[in-house]
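# An overview of the molecular structure
One-letter residues, chain by chain:
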Amino acid sequence: MMLKFNKDMEIEQDFKGKTLVKGETDGSSYPNGGLRGTHQAGGYLAVDTSSPIFLRGDTIFIPSVFVSYYGAALDEKTPLLRANAAIDKHGSRLFSALGLDASSGIVTNIGLEQEIFLIEREDYYRRPDLQLTGRTLIGKDAPRGQEMCDHYMAPLSTSTGALACMQEIQDECWRMGIPLKTRHREVAPNQFEFAPLYGTNTTQIDQNLMVMQIIEEVAAKHNLAALLQEKPFNEVNGSGKHNNWSIATRDGVNVLDPESLIEATGNDAAFPVIMAAVIAAVDEHGDLMRMAISSPGNDFRLGACEAPPAIISTYLGQDMTDYLEAFMNGELTKYTPGKKTIDVGVPGVHAFQVPAEDRNRTSPFPYGGCRFEFRAVGSVQNVSMVNTVLNTMCAEKFAEFADKIQAGADPADVAREALKKHWKVIFNGNGYDLEMQKMLTENGLWRIDSGVEAIATLTSEKNKALFEKMNVFTPRECEARQDILHDHYTGTVEMEALTLIDMLNQHIIPSCKKSGVGPLAELEALVPVLEGAIADIHAAESSYDKATLARVLRLETMVDMRDVIDKAEKIVPAEDWTLATYKELLFLDSHSSTAETPPSYPEFDDMPQM
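Attention here is on the structure that accompanies the text. Everything quoted here is computed from the prediction, not taken from an experiment.

## Looking at the overall build of the protein
The number of helices and strands found in the protein is 19 helices and 17 strands. Compactness check: the protein gives a C-alpha radius of gyration of 26 Å against a globular reference of 25 Å for 610 residues, within 12% of the reference. Seen through its principal axes, the protein has C-alpha atoms that stretch 80 × 80 × 60 Å. When the 610 residues of the protein are sorted by exposure, 53% land in the buried category. Contacts in the protein between residues at least 24 apart in sequence constitute 74% of all its contacts with a sequence separation of at least 6. Here the protein displays about 27,200 Å² of accessible surface, and carbon together with sulfur accounts for 52% of that area. Taking the average location of the 56 positive side-chain charges in the protein and that of its 88 negative ones, the two points are 2 Å from each other.

As C-alpha cells, this is what we get:
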C-alpha cells in the first residue's frame, strides 16, 4: 500500500517515483543455473522503458529487467534488450551503407498468434494429468477427431461458453491496451486462436504474457479450462505461437518490404543484400533457432503434420527465389512481387488479385512478403529467447556485411558471396515429405530431432562466441541458461511420471479391478518401472544427463505405457472408467451447453480511449 504513518500516527501518502525505477528482491528461489547461491541472493529490477507500464485492477505492472548483484541476466528480457541493441547498432551500419536513413534507430516488430484449447472445467477436474502437467498422458482416441475438417474457422456457437469466454478475453485485454484483432476456431476440436496487432518485440512479448494469464483466468469464470500447452491431446493438432518477425526503422521503413525499402533508398541492391544477410544467418545459426523452440511440449508437435519438422530451412517462394538467384549470378534489377488474378467465373464476384506465392505451412521460417514467420514456436513459450536468437544472429551478419562494405567491398558482391555459400538453406518444397527431409539432411541443413540435444547447442564454441561478440550472453550466462532449460525439461517429465503413477494407482488399476477386465498384471508392472526411471534421473550427475534420461522416459517408456493403458480404456465399461475421456473432453459443441445469458459489453464509445 502506498501510505505510511507519520510520527503523530497519521496516515500520509507514501509514493516516490524512484520506486518505479529500481527494485530489489530475494532472487535465490528463481532458476539460476549456478549464477548465484543462497548466500548471494540479491536480485535487482530496473524498469524497461521500451515497453509501456500498464494498470490492471489495483496493480501497476512495470516491465522490468531482473539481474543478479553482479549484473548477470536472471530473466528473459535482459538478453532480448541486449540483442535489440545489437541489431540496432549493426543494422544501422549496414542499412546506412545501402542508402537508408537509419538515424531514428532500428527495431524488430513481431506479431504473435496464440493458439489454445478450451474444455469443460468439470471434465478438467477429472483429469489429474491436465491439471498438473497441461497435457493428457493417456487417453483412447475418440471415434471422431479432426477428420471432417469442419472446425477450422467455423463460427463459434452461442450454445457453449466458448464464444462468451473469448469475447470477455478480448474485452479484458482491450481495457489494458492490448488489441486482439482476431478470434476464431482452429483445426482441432475445441482449439481456438487469438491474434493481436503487431508491434515492437518487447511490448508484444509483455502483452502476450498477460494475454495467456487473462485467457486462463477468464476461462475459469465461464466454467472452462484453457490449455496452453503445445500438445494436450494425442492424434489431433497441437498449438503453436507463430512469431511473425520483421525489421524496421523507428520512423517506419520496413526493410523486409521491398517496395518500402526501395522507395526509401532508391537502391535496387538494398533489398537483396539484406535478404542475403538473413538467409546466411538462418543457415549458419539454425541450431540456435532449433534451441529457441525446444519447449517440452514441442517434443510431440514438430513435424506432426501440424508444425514444421525439426530441420531449419527458409521458404521464399519461387518468385523471390528466382530473383535472388538471378541477383546471385550477376543481375541487378528492382524486385517486383508477382501477382495473379483469380476469376471464379461468377458475374456477381469481381476478379481479384493475390500474391503469386502460396503459403507453405511446412516451412519453419517462411518469408511472407514483408516479414518472416517463425512457425515452429510453441504455444506456451515466452518468446523472448526466440527473438533474442533471431536478432543476435542477424546482427552478427549485418556487422559482417557492414565491415566488408566499409573496408571497400561492393555491397552486391558481399551479398552474392553469402548467397552462394548459404543457398542450400532455401527450400520451397514440402517439408513433411520424408524424401525431402532426407535430402535436406544430406545437404547439411541443421537437423536436431531431440529438444534436449538442441538445448545443448547453446554452449557450443560457435554459439558462445556469437553471443559474447554481440554482448548478449557471457559464456557463463550461456552455460547457466542451458542448465536451466535442461532442468526445466527434466522437471516437466518428472511431474508427468509422478502424475501417471498416481493415475495408475488411483484410477486405472482400480477401474480394471472393478470391471474385471483389462491387462491388470501389465498395468501393475508399470508403476515400479516409472519409479525406477525417476530414481535413475535423480542419480544422474549433470543437468544434461538428467534431461537425456528424462527424454527416454517420456518419448519411449511412457509412450509404450500409454499403449497398454489405452487398450485397457477400450474395454473397461464407461461407468467404471473414472477419468474423463477424449469423447468428453474434445467436443464442447456436442457435450456441453450454457443456459446463462452471454455477458453484455460496453458500447465502443464507452471503451477506454487508447
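Text resumes after the structure shown.
## Quick word on the sheet that holds strand β4 (residues 42-47)
Strand order in the open sheet made by the three strands is β3-β4-β7, with antiparallel pairing throughout. Every other strand in the sheet has two partners, leaving β3 (22-26) and β7 (64-68) as the edge strands with one partner each. Sheet twist, expressed as the mean angle between neighbouring strand axes with direction ignored, is 25 degrees. For β4 and β7, the ladder comprises five bridges, and the chain directions are antiparallel.

## Comments concerning a nonpolar patch on the surface
A cluster of nonpolar side chains, M2, F15, I53, L55 and I60, forms an exposed patch at the surface whose accessible area comes to about 470 Å². As for its position among the elements, F15 is in the loop between β2 (11-13) and β3.

## Quick look at helix α10 (residues 384-406)
Between its first and last C-alpha, α10 extends 32 Å over 23 residues, near the 33 Å set by a 1.5 Å rise per residue. Here α10 lies mainly inside the structure; 19 of its 23 residues are buried. At the C-terminal side of α10, G408 shows a positive phi close to 115 degrees.

## Brief notes about the pattern of salt bridges
In this structure the tally under the stated criterion is 31 salt bridges. A salt bridge links D449 to R447, with the nearest nitrogen and oxygen atoms 3.2 Å apart. We classify D449 as partly exposed; its relative accessible area is 48%. Close ionic contact of E524 with K513 constitutes a salt bridge, the shortest N to O distance being 3.8 Å. With E524 in helix α16 (residues 520-539) and K513 in helix α15 (residues 475-515), the pair connects residues that are 11 residues apart, well separated along the chain. Salt bridges sharing partners connect three or more residues here, namely R135, D299, E496 and R554.

## Points about the sheet that holds strand β9 (residues 114-120)
The four strands lie next to each other as β10-β11-β9-β13, forming an open sheet whose pairing is antiparallel. Of all strands in the sheet, those bounded by a partner on one side alone are β10 (180-185) and β13 (224-227). On average, each strand axis in the sheet is tilted by 30 degrees relative to the strand beside it, whichever way the strands run. Note: β9 against β13, four bridges, orientation antiparallel. Within the sheet, the bridge partner assigned to I119 lies in β13 and is A225. Each of β9, β10, β11 (191-196) and β13 is contacted by helix α4 (residues 162-175), which is oriented at about 165 degrees to β10, the strand it contacts most. Across the sheet, helix α5 (residues 201-221) is in contact with β9, β10, β11 and β13; its angle to β13 comes to roughly 150 degrees.

## Overview of the packing of aromatic side chains
All chains considered together, the criterion is met by 15 aromatic pairs. Taking 5.2 Å as the distance between ring centres and 85 degrees as the angle between the ring planes, the aromatic pair formed by Y69 and Y70 counts as edge-to-face. A residue is classified by how much of its surface remains accessible, and Y70, at 63% relative accessible area, is exposed. Relative to Y582, the ring of F233 has its centre 5.4 Å away and its plane inclined at 90 degrees; by these criteria the two rings are edge-to-face. Separated by 349 residues along the polypeptide, F233 in the loop between β13 and β14 (243-249) and Y582 in helix α18 (residues 582-585) bring together distant segments of the chain.

## Overview of the pairing of β14
If a strand is regular, its side chains alternate between the two faces of the sheet. Within β14, seven of the seven residues are buried, which leaves it mostly tucked inside the rest of the structure. Judged by which residues are buried, β14 turns out to be covered on both faces: N243, W245, I247 and T249 on one side and N244, S246 and A248 on the other are all buried. In the sheet, strand β8 (residues 106-112) pairs with β14 via seven bridges, with the strands oriented antiparallel. Looking across to β14, one finds that L112 is bridged to N243. In the sheet, β14 pairs with strand β17 (residues 372-374) via three bridges, with the strands oriented antiparallel.

## Let's talk about the nonpolar core
Buried together is how nonpolar side chains tend to be arranged in soluble globular proteins. Ranked by internal contacts, the top residues of the largest apolar core, which has 80 residues, are W245 and F398. Ignoring sequence-local partners within four residues, the contact set of W245 consists of I87, T108, N109, I110, L256, F365, R371, F372, N387, L390, N391 and C394. Membership of the second largest hydrophobic core comes to 31 residues, among which are V493, L500, I508 and A547.

## Topic: the state of the cysteines
Counting across every chain of the model gives zero disulfides. Left unpaired, C370 is separated from the closest cysteine sulfur, that of C394, by 16 Å. On the accessibility criterion, C370 (30% relative accessible area) is partly exposed. You can call C394 buried: its relative accessible area is 1%.

## With respect to the side chain of T78
On the secondary structure map, T78 appears in helix α1 (residues 77-97). A residue is classified by how much of its surface remains accessible, and T78, at 9% relative accessible area, is buried. Here D75 takes part through its side chain, which lies 2.9 Å from a polar atom of the side chain of T78. Leave out the neighbours within four places in its chain, and T78 touches V65, F66, V67 and A73.

## With respect to unusual backbone geometry
Where the residue is not glycine, phi is negative for most of them; where a peptide bond is considered, it is trans in most cases. Here N190, not a glycine, exhibits a phi torsion of approximately 65 degrees, which is positive. The residue N190 is located in the loop between β10 and β11 in this model. Here the phi dihedral of N471 falls at roughly 60 degrees; this positive angle occurs in a residue that is not glycine. We classify N471 as exposed; its relative accessible area is 58%.

What counts and how
- Residues numbered from 1 in each chain as written.
- Predicted model: local features only at pLDDT ≥ 70, side-chain atom pairs only at ≥ 80, totals over all residues.
- Heavy atoms only, no water.
- Helix = DSSP H or I, 4+ residues; strand = E, 2+ residues; numbered from the N terminus.
- Rg over C-alpha atoms; globule rule 2.2 N^0.38 Å.
- Buried < 20%, exposed > 50% of the residue type's maximum accessible area, 1.4 Å probe, protein only.
- Contact = heavy atoms within 4.5 Å.
- Areas by Shrake-Rupley, 256 points an atom, 1.4 Å probe, with all protein chains shown as cover.
- Lys, Arg positive; Asp, Glu negative; His and termini not counted.
- Charge placed at Lys NZ, Arg CZ, Asp CG, Glu CD.
- Pairing = 2+ DSSP bridges.
- Axes fitted to C-alpha atoms, helices over the stretch in contact; angles between N-to-C directions.
- Patch = residues over 30% accessible without salt bridge, like charges linked within 9 Å, V, L, I, M, F, W, Y side chains within 5 Å.
- Salt bridge = Lys/Arg side-chain N within 4 Å of Asp/Glu carboxyl O.
- Expected span 1.5 Å × (residues − 1).
- Phe/Tyr/Trp six-rings, centres within 6.5 Å; stacked < 30°, edge-to-face > 60°.
- Core = buried A, V, L, I, M, F, W, Y, C linked by side-chain atoms within 4.5 Å.
- Disulfide = S-S within 2.5 Å.
- Polar contact = N/O pair within 3.5 Å; in protein donor to acceptor, adjacent residues only side chain to side chain.

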